[in-house]
Amino acid sequence: MFRKKHYVEIVIIFCMFSGLVSQSTQEPGKAASVETLLINEIMYHPTENENTNEWIELYNPTAESLDVAGWMIADEKETDIIQADPEHGDGSTIIPSRGYAIITDKGTTIDETYDVAENVVRLCVDDSTLCGYGLNNQQERIILFDQEGTTIDAVEWGEDYEEVPGAPFASIAEGNTLARYHETDTDDTSIDFFESASPTPGAENIQDMQEEPPGMPPSEEEIDEEETSEEEASEGYKGDYSSSILIIELYYDCHPTINAEYVRLFNPTNRSIDVSGWYLTDKPWKQPDDRPKIFLPTQSNLSSQTSWFLTNNASAFFWETALYPDFEYAVDSQPMVAQLPTYRTVSFSNTGGLVGFYTASHALVDLVIYGDATEYVSGWEGPPIPSSGQGGVLKRNSINGTPVDTDSASDWAHQRIFHIGQSDFPLETLSFTGEITTFVSPDSSYETIANELRNARCSIDLNMYEFTNPFLYQEVSDALKRNVRVRIFMEGSPIGGIDDREIFILSKIASEGGLIRFLVSDQDNHVHARYQFTHAKYLLIDNETVIVESCNWAKTGIPRNQSYGNREWGIVLRNKEVATSFLNVFEADWNPLQSDSYPIEAMHLTFFPDFPLDYEIPTGSYLPQFPAKTITGPCTVTPVFSPDTSEQALLDAIDTATRTIYVQQLYIYKDWGETPSPLVEHLVNKSLEGVQVQVLLDYNTDYEKTNILLEETKTYLETYGVSVKFISSEWSPFTTIHNKGMIIDNTTVLISSINWNEQSIRKNREAGVLVTNQEIASYYATVFLSDWCLEPVTANASDSSWAEYKYLVLIAVVVCIILVLIARDWRKRKWT
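Residues numbered from 1 in each chain as written. Predicted model: local features only at pLDDT ≥ 70, side-chain atom pairs only at ≥ 80, totals over all residues. Heavy atoms only, no water.

### Points about the sheet that holds strand β21 (residues 338-339)
Here is step 1 of the chain: Pairing is mixed across the open sheet formed by seven strands, whose spatial order is β21-β20-β19-β14-β13-β25-β28. Of all strands in the sheet, those bounded by a partner on one side alone are β21 and β28 (418-419).
Here is step 2 of the chain: With two bridges connecting them, strand β13 (residues 246-251) and strand β25 (residues 392-395) associate as antiparallel partners. Bridge pairing in β25 links E249 to K395. (Pairing = 2+ DSSP bridges. Helix = DSSP H or I, 4+ residues; strand = E, 2+ residues; numbered from the N terminus.)

### Some remarks on the environment of S687
Here is step 1 of the chain: Relative to the helices and strands, S687 resides in helix α12 (residues 678-688).
Here is step 2 of the chain: According to the relative accessible area criterion, S687 is buried, its value standing at 12%.
Here is step 3 of the chain: Along the sequence, S687 and T660 sit 27 residues apart, while their C-alpha atoms lie 9.2 Å from each other.
Here is step 4 of the chain: Apart from residues no more than four positions distant in its own chain, S687 is found in contact with V693, Y720, G721 and V722.
Here is step 5 of the chain: A distance of 2.6 Å separates a polar atom in the side chain of S687 from the backbone oxygen of Y720. (Buried < 20%, exposed > 50% of the residue type's maximum accessible area, 1.4 Å probe, protein only. Contact = heavy atoms within 4.5 Å. Polar contact = N/O pair within 3.5 Å; in protein donor to acceptor, adjacent residues only side chain to side chain.)

### Considering helix α6 (residues 445-454)
Here is step 1 of the chain: Taking burial as the measure, the 10 residues of α6 include seven buried ones, the bulk of the element.
Here is step 2 of the chain: For α6, the complete set of buried residues consists of S445, Y446, T448, I449, A450, E452 and L453.
Here is step 3 of the chain: Where the residues of α6 are buried, they touch β29 (430-441), β30 (459-464), α7 (470-481), β33 (538-541), β34 (545-549) and β35 (568-574).

### Considering the side chain of S563
Here is step 1 of the chain: With respect to the helices, strands and loops of the structure, S563 is situated in the loop between β34 and β35.
Here is step 2 of the chain: On the basis of relative accessible area, S563 is assigned to the buried category, the value being 13%.
Here is step 3 of the chain: Within the local environment of S563, its side chain forms a polar contact with the side chain of N561, the two groups lying 2.5 Å apart.
Here is step 4 of the chain: Excluding anything up to four places from it in sequence, S563 contacts T619, G620, S621 and Y622.

### Let's talk about the pairing of β29
Here is step 1 of the chain: Taking burial as the measure, the 12 residues of β29 include nine buried ones, the bulk of the element.
Here is step 2 of the chain: In the sheet, β29 pairs with strand β37 (residues 629-642) via nine bridges, with the strands oriented antiparallel. Residue pairing across strands places T433 opposite P634, the latter belonging to β37.

### Description of the packing of aromatic side chains
Here is step 1 of the chain: Under the criterion given, the structure shown has 30 aromatic pairs.
Here is step 2 of the chain: Ring centres of Y181 and F194 lie 4.8 Å apart, and the angle between their planes is 45 degrees; this geometry places the pair in the tilted category. Here F194 lies in strand β12 (residues 193-196) and Y181 lies in the loop between β11 (177-180) and α2 (189-192), a separation of 13 residues in the sequence.
Here is step 3 of the chain: With 5.2 Å between their ring centres and 40 degrees between their planes, Y622 and F734 make a pair best called tilted. (Phe/Tyr/Trp six-rings, centres within 6.5 Å; stacked < 30°, edge-to-face > 60°.)

### Focus on the packing of α6 against α7
For any two helices packed against each other, one specifies the crossing angle of their axes together with the interaxial distance.
Here is step 1 of the chain: Relative orientation of the contacting elements α6 and α7 amounts to 15 degrees, with a least axis distance of 9 Å. In terms of orientation, α6 lies roughly parallel with respect to α7. Pair α6 / α7 crosses with right-handed handedness. Within the contact between the two elements, α6 uses Y446, I449, A450, L453 and R454 and α7 uses F471, L472 and E475.
Here is step 2 of the chain: Looking at the contact of α6 with α7 residue by residue, the class counts come to six nonpolar, no polar and two charged. (Axes fitted to C-alpha atoms, helices over the stretch in contact; angles between N-to-C directions. Parallel < 35°, antiparallel > 145°, perpendicular 65-115°, else oblique. Left-handed = near helix turned anticlockwise from the far one by under 90°. Nonpolar A, V, L, I, M, F, W, Y, C, P; charged D, E, K, R; others polar.)

### Notes on the packing of α7 against helix α8 (residues 500-511)
Here is step 1 of the chain: Contact pair α7 / α8: the axes reach a minimum separation of 10 Å and the direction vectors enclose 5 degrees. In terms of orientation, α7 and α8 fall into the roughly parallel class. Within the contact between the two elements, α7 uses P470, Y473, V476 and L480 and α8 uses I505, K508 and I509.
Here is step 2 of the chain: Looking at side-chain class alone, the contact of α7 with α8 contains six nonpolar, no polar and one charged residues.

### So, the nonpolar core
Here is step 1 of the chain: Within the largest apolar cluster, 47 residues are counted, with the highest numbers of intra-cluster contacts made by W569, I571, F582, I743, V769, V771 and Y780.
Here is step 2 of the chain: It is helix α15 (residues 774-788) that contributes the most residues to this core, eight residues altogether. (Core = buried A, V, L, I, M, F, W, Y, C linked by side-chain atoms within 4.5 Å.)

This is the structure in structure tokens:
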């Protein structure tokens, strides 16, 4: 019988016939030997009159009669006292040797449904329903206690209960019973019992063929299933299903007109599992016959550590992910993708619902409840998983590759919101001894990057937000002339649109043989970009060298003249493993099969061949101090990518600090929407622990709203002992503080494109590296402290006086000169 789960602790009250309360003398689950009374057969899912047609059969295998007056029968939630049922029997509670007894509720109708022998002892419980609310059809435990509260026998199905020894039996079909093999008792329900389609209340159990699950198309393979050899059966595990196959992803709130909803199943065990006829349903609260179902194929095994994607529409799934699923079920859109049989229509609600995964005999294997679900079935603890939002994917957590499974929303809780089509690269740390070059803008960035481009032999792969620097264009053009393959992946909708200079440069590179693609959102063509922006700024040379930067390829980011430009950090890492890590990300983003990866030809950019590209070299007042430095030695490198790993990596790095944290950022906001920034909170925590935290931020008087938020951040951080300084282009030698870096304890440095806001961390494609090496970190710490010491230039009193009167003095001088010239000319005329 279906019942809703109650969120209360279960207290089993052992009521004695004398009215006293007796404590249990044996822990539940320690079933007695075969010489004692046995639970022999259970009808928990009758086909009709479910409230009055449930029953539990007891069998006495001993040589003596047993009196069960005052004994107790308990399920997961309730405990009932067993008593005689004089209305249907002779009023006795004594079960003779080799005799049977039937326990029902007081209003039972089993005599109208089954042929019950007259000599069967008829028992009932002390309330109107068996075990309080009736027996659960999906999963349940039944425990038989004597008068003293000692466990005599225990049975379980659908779920492995801690209180019951052994493994549970799978749930059975409606109208069938859970029946014990005659006088078999190994304290393991999965071994001692079988499913019987011929209920025998009060008589020896009958073994027969298992019926097909409701709604499942008939198959010869299933009819012949019992004839399968032991060797064939060993290929697919058919025993305990608890914690076997798990739902690890659910995509339910699809983009408009693209119905790519899917479920991903995963086998985390070390064995292959036979999943023939197992099914998914969006209405697990209904009776098995009434549930809509998506059936897995017959004779199918899900291999160990393997996952399957089951999608509504394989073509739509491919459009969103550039992957072909394992199965589709609603439409037959791809001949190469296997079609699953269905019973009625399964459709996962956009607002909230349930997804149940069951064996062919209706044993619940896994359950997901999400959003504003209004229904409930047993097998889930606590509130539903919060909604993912349109395009969002629910994804189960894992620890070291093992899925977390506590049957609660915490299994699915992430700081990150996954969106369909996004990558999910793991956080990895690589240790090696090699050559690394450090550099900063404006001091040494151009020559460092230009030299790497000049040394490229085979390939250049660039992921960049903006590209307007004509000098770097020339370096790329020269590489193409050397037959170096060039691929450039750009943001298709940068703030303010694509600059005319960028259109010219990229069009020229394309005309010279370079390959250009853009990340694009194109609503008219049903294209939804995987990321808010691709804001990464990295470069791969010959798949062996990685250059990671905070700077765009603009004159300010990578200036030709060292006296002018932004403060930026960059690093060159010569290591194939690190390069491979970045190459994998580049290939995933570049992938032409992704619907949001547009070639330059599809962008329809307006290209003017005679566009006047500006080769002027700006100069400024900065005195370069930090040449590039090549360091050889051991180090560890952690590639960092948003949205995959950046939040975890940055917070972990902050948390390792014991002495100092230096942060230099374009801006930092105290709050991310309605919640505090976790990065800010972790900085505060470290400051409270006694770590010296210093934060340098850019301050641009043209952005009033930004400055209000910056002032708020500064005030908040300083309240907790964090030192904060602003650097303004109005008085500093830099055009902007555009850096996105951090130094921990002068041993670990972050070089990245990652702004410290929610969008950059959780929605954009960003890239960076955490490098641990004291000499490398010290290089950037020196730069940071040099910038920290910058102060606005304040004029003294004499300077102020001159500033106030210098124009008047100059005017007076000019007037005097003119008067002298006029007088001189007048005298000459007079004399002549």
